[in-house]
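Structural characterization, general
Each chain, written out:
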Amino acid sequence: TLSERHGSRRHSLSMMVKAVLGKSPESRYVLHPNSQTRHLWDISTIFVTVLMCYIVPAVLVYMDPASLVKGKFGIFLALTDAFWLLDIVANFRTGFFHAEH
């Protein structure tokens, strides 16, 4: 049938990609837990966390609280919120080691 031909074509394409790249096409979006990309992402996460630990209290004490949503600092906070959303996605897309394998 038509669906069987498409299924076998998809399977053969998957096998070709695996042969050329050395990995399946489904795993190309999965981060290896020990990859340099993942380590750089973790270092960025630490940097943003420490930065926010100092900046947000200082702004709350010495500046107008309305500045948290307006101006340059509001843009900075929006970017850090986007960073944390991307961090959640990265954590779900990172592989892990299983004790038996």
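One can find the structure itself at the top, above this paragraph.
Now for a description of the structure that goes with this document. Bear in mind the structure is a predicted one, so any value in this text is a computation, not a measurement.

A look at the nonpolar core
Across soluble globular proteins, nonpolar side chains have a tendency to be buried as a group. Formed by V48, M52, V59, F73, L77 and F83, the largest nonpolar core amounts to 6 residues. Of all the elements in the fold, those that place two or more residues in this core are α2 (36–62) and α3 (71–92). Setting aside chain neighbours within four positions, we find L77 in contact with M52, V56 and L68.

A short note on the environment of F76
Along the chain, F76 falls in helix α3. Setting aside anything within four residues of it in sequence, one finds F76 in contact with L51, M52 and I55.

Concerning a nonpolar patch on the surface
A cluster of nonpolar side chains, namely L60, V61, Y62 and M63, defines an oily patch on the protein surface of about 480 Å² accessible area. Here Y62 lies in helix α2. The exposure class assigned to Y62 is exposed, which follows from its relative accessible area of 70%.

Topic: the pattern of salt bridges
Per the stated rule, a full pass over the model turns up 1 salt bridge. Two residues, R38 and D42, come together in a salt bridge whose shortest N-O distance is 3.2 Å. Of this pair, R38 and D42 both sit in helix α2, separated by 4 residues, roughly a single helical turn. In this structure D42 comes out as partly exposed when scored by relative accessible area, which is 29%.

What to know about the packing of aromatic side chains
Counting across every chain of the model gives 3 aromatic pairs. Judged by centre distance (4.8 Å) and plane angle (25°), the rings of W41 and F83 are stacked. Taken together, the positions of W41 in helix α2 and F83 in helix α3 put the pair 42 residues apart, joining distant regions of the chain. An angle of 35° between the planes, with centres 6.0 Å apart, marks the rings of F73 and F76 as tilted.

Calculation notes
Residues numbered from 1 in each chain as written. Predicted model: local features only at pLDDT ≥ 70, side-chain atom pairs only at ≥ 80, totals over all residues. Heavy atoms only, no water. Core = buried A, V, L, I, M, F, W, Y, C linked by side-chain atoms within 4.5 Å. Buried < 20%, exposed > 50% of the residue type's maximum accessible area, 1.4 Å probe, protein only. Helix = DSSP H or I, 4+ residues; strand = E, 2+ residues; numbered from the N terminus. Contact = heavy atoms within 4.5 Å. Patch = residues over 30% accessible without salt bridge, like charges linked within 9 Å, V, L, I, M, F, W, Y side chains within 5 Å. Areas by Shrake-Rupley, 256 points an atom, 1.4 Å probe, with all protein chains shown as cover. Salt bridge = Lys/Arg side-chain N within 4 Å of Asp/Glu carboxyl O. Phe/Tyr/Trp six-rings, centres within 6.5 Å; stacked < 30°, edge-to-face > 60°.

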